[in-house]
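Reading the structure
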Amino acid sequence: MADATSGAPEPGHVERRTVLKGVLGAGALAGAQAVLAGPADAAVSGGGDDGERGVEHGWGKVADVFRANFRNPGEVGAACSVYVGGRPVVNLWGGLADREAKRPWRRNTIVQVASTTKGATAICAHLLVQRGQLDLDAPVARYWPEFAAAGKERIPVRWLLSHQAGLPIVDGPLTFEQACAWHPVIRALEAQKPLWRPGTEHVYHSVTYGFLVGEIVRRITGRSLGTFFAEEVAAPLGLRAWIGLPEKEEKRVARLHDAAPFSLEELLAGLIATTGLDADTVTAWVNAVWAPGSVQARAGELGGALTDPKVFATRAWRAAEFPAANMLADARSVARMYAATVSDVDGVRLLDPSTVARMTAVQTDRTPMHGLPPGLNLPADRSFYMSLGFWRACPPLPMTGPGSFGHPGSGGSIGFADPDAGVGFGYVTNLWNYRPDDPRASNLAKAVRSCLG
């Protein structure tokens, strides 16, 4: 079989680019220079805005793992932050924000976090639920009347948040400029017929998720998702995080670098290792769901608007609002945001416990994944264990405990909260590794679990 990154795979098999665009979402192929590893001797720094230490007593294991990640598997630049009980206990950064320019990663460096954005978008939606402005079981058309076209009048809001609405792609064609303008995507989704009977199947809505949820927020509040996030989440918590980056923040942005290529065989082996599924099941799953031309493979293209990987490195991409994929943030902000969903953080708590309980109830264990061949048993907790906008802890994504919830992003970033331990966690990187068995974030989360005792 040909290497999945350098040649055409055998008929019936998928290539790496197809897999990445489908399962990991927009931004997955943001093109910077390919590198094999980061600087093994990278300087690691830590601390906070108010003089807090980078690592509190008892949390040294996380710092050890963070440093080790620069040696194996390798980093260019990265940051990690952990809150417990509303307090920062780890805030670390190191390496290079730009390998070619040898620009160091600093305290205020920000980086694209791809689908980690989806967690921030979901938090915005649940703020409206908590305030009584949004009913998860109401039809989307109550808030967005034009959505009712083409047989979509009965789709409830919860099916948008749980990837069950049948709208993972846009038929198109759309240009990148149209996608950045927002409304052309909305008009296309309004007119489009669902690919399956909504509520009976699920598949990852890689990019459309952000437009679907973002438009509901806009209809209710009169504000774009990026503006609502800035005013209702980022400002109260003092976050360095944006969905729609102001131009004045451009100087803080880390350059993205791709990790070493890998073969299709390595991809399958990684999925087998992380899911615990047998080889036949994993192979059938990949070939069915991510084959060239499949729905999942097309989900990251947005009707042709995002087929050129060069757009993900542009100012136009960063300035626009793609609430599924283009937040820029530092690790402290991601951790602080999640901490405020389960704890009081400097007088701010975003969500109350009842809201968290409702929004983290798993949904994708109730419906099969779209595109699977008849008879293929693919348990949700081994493949796509989604609640209402968040991944739930499962064997492929254990986080720090069974009650944990959050969202990973293409390339390796992740943010999550653990309500039982009061943890908020954020990890960001500019060395984008697309392997399903990438150990960097999982090793850091394991160290957090160890420090919790």
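As annotated in an unreviewed UniProt entry, the protein chain carries the name Serine hydrolase and comes from Spongiactinospora rosea.

Some thoughts on the overall build of the protein chain
The helix and strand inventory of the protein chain stands at 16 helices and 13 strands. Classification of the 453 residues of the protein chain by burial places 60% in the buried group. A sequence separation of at least 24 residues applies to 72% of the contacts in the protein chain between residues at least 6 apart.

Some remarks on the packing of aromatic side chains
The full count for this structure, using the stated rule, is 13 aromatic pairs. Here the aromatic rings of Trp-285 and Trp-290 are separated by 5.4 Å at their centres, their planes lie at 40°, and the arrangement is tilted. Like Trp-290, Trp-285 is buried. Following the ring pairs from residue to residue traces out a cluster consisting of Trp-182, Phe-211, Phe-312, Trp-317 and Phe-322.

Comments concerning the environment of His-202
Here His-202 lies in the loop between helix H7 (183-191) and helix H8 (208-221). Expressed as a C-alpha distance, the spacing of His-202 and Asp-365, which sit 163 residues apart in the sequence, is 9.6 Å. Beyond its immediate stretch of four places on either side in the chain, His-202 contacts Ser-162, His-163, Gln-164, Trp-196, Thr-364, Thr-367, Pro-368, Met-369, His-370 and Phe-384.

Concerning the pattern of salt bridges
Throughout the structure, instances matching the rule amount to 23 salt bridges. Between Arg-87 and Glu-56 there is a salt bridge; the shortest N-O distance is 3.7 Å. Remark: Glu-56 occurs in the loop between strand E1 (44-46) and helix H2 (60-74) and Arg-87 occurs in strand E3 (residues 87-98); sequence separation between them is 31 residues. On the basis of relative accessibility, which here comes to 47%, the residue Arg-87 falls in the partly exposed class. Note that Glu-190 is salt-bridged to Arg-187, the shortest N-O span being 2.9 Å. Of this pair, Glu-190 and Arg-187 both sit in helix H7, three residues apart, which is roughly one turn of the helix.

A short note on the environment of Gly-403
Secondary-structure assignment places Gly-403 in the loop between strand E9 (391-392) and strand E10 (405-408). Given a relative accessible area of 13%, Gly-403 falls into the buried group. C-alpha of Gly-403 to C-alpha of Asp-420: the two residues are 17 residues apart in sequence and 6.6 Å apart in space. Excluding its chain neighbours within four sequence positions, the residues that come into contact with Gly-403 are Arg-392, Pro-419 and Asp-420.

Some words on helix H11 (residues 279-289)
Looking only at H11, the buried set comprises Thr-281, Val-282, Trp-285, Val-286 and Val-289. All buried residues of H11 lie within an arc of 125° about the axis, which places them on one face of the element. Taken together, the buried residues of H11 touch helix H10 (264-275) and helix H12 (295-298). N-cap assignment for H11: the residue whose side-chain oxygen lies 3.1 Å from the backbone N of Asp-280 is Asp-278.

The rules behind each value
- Residues numbered from 1 in each chain as written.
- Predicted model: local features only at pLDDT ≥ 70, side-chain atom pairs only at ≥ 80, totals over all residues.
- Heavy atoms only, no water.
- Helix = DSSP H or I, 4+ residues; strand = E, 2+ residues; numbered from the N terminus.
- Buried < 20%, exposed > 50% of the residue type's maximum accessible area, 1.4 Å probe, protein only.
- Contact = heavy atoms within 4.5 Å.
- Phe/Tyr/Trp six-rings, centres within 6.5 Å; stacked < 30°, edge-to-face > 60°.
- Salt bridge = Lys/Arg side-chain N within 4 Å of Asp/Glu carboxyl O.
- Arc of directions from axis to C-beta.
- Polar contact = N/O pair within 3.5 Å; in protein donor to acceptor, adjacent residues only side chain to side chain.

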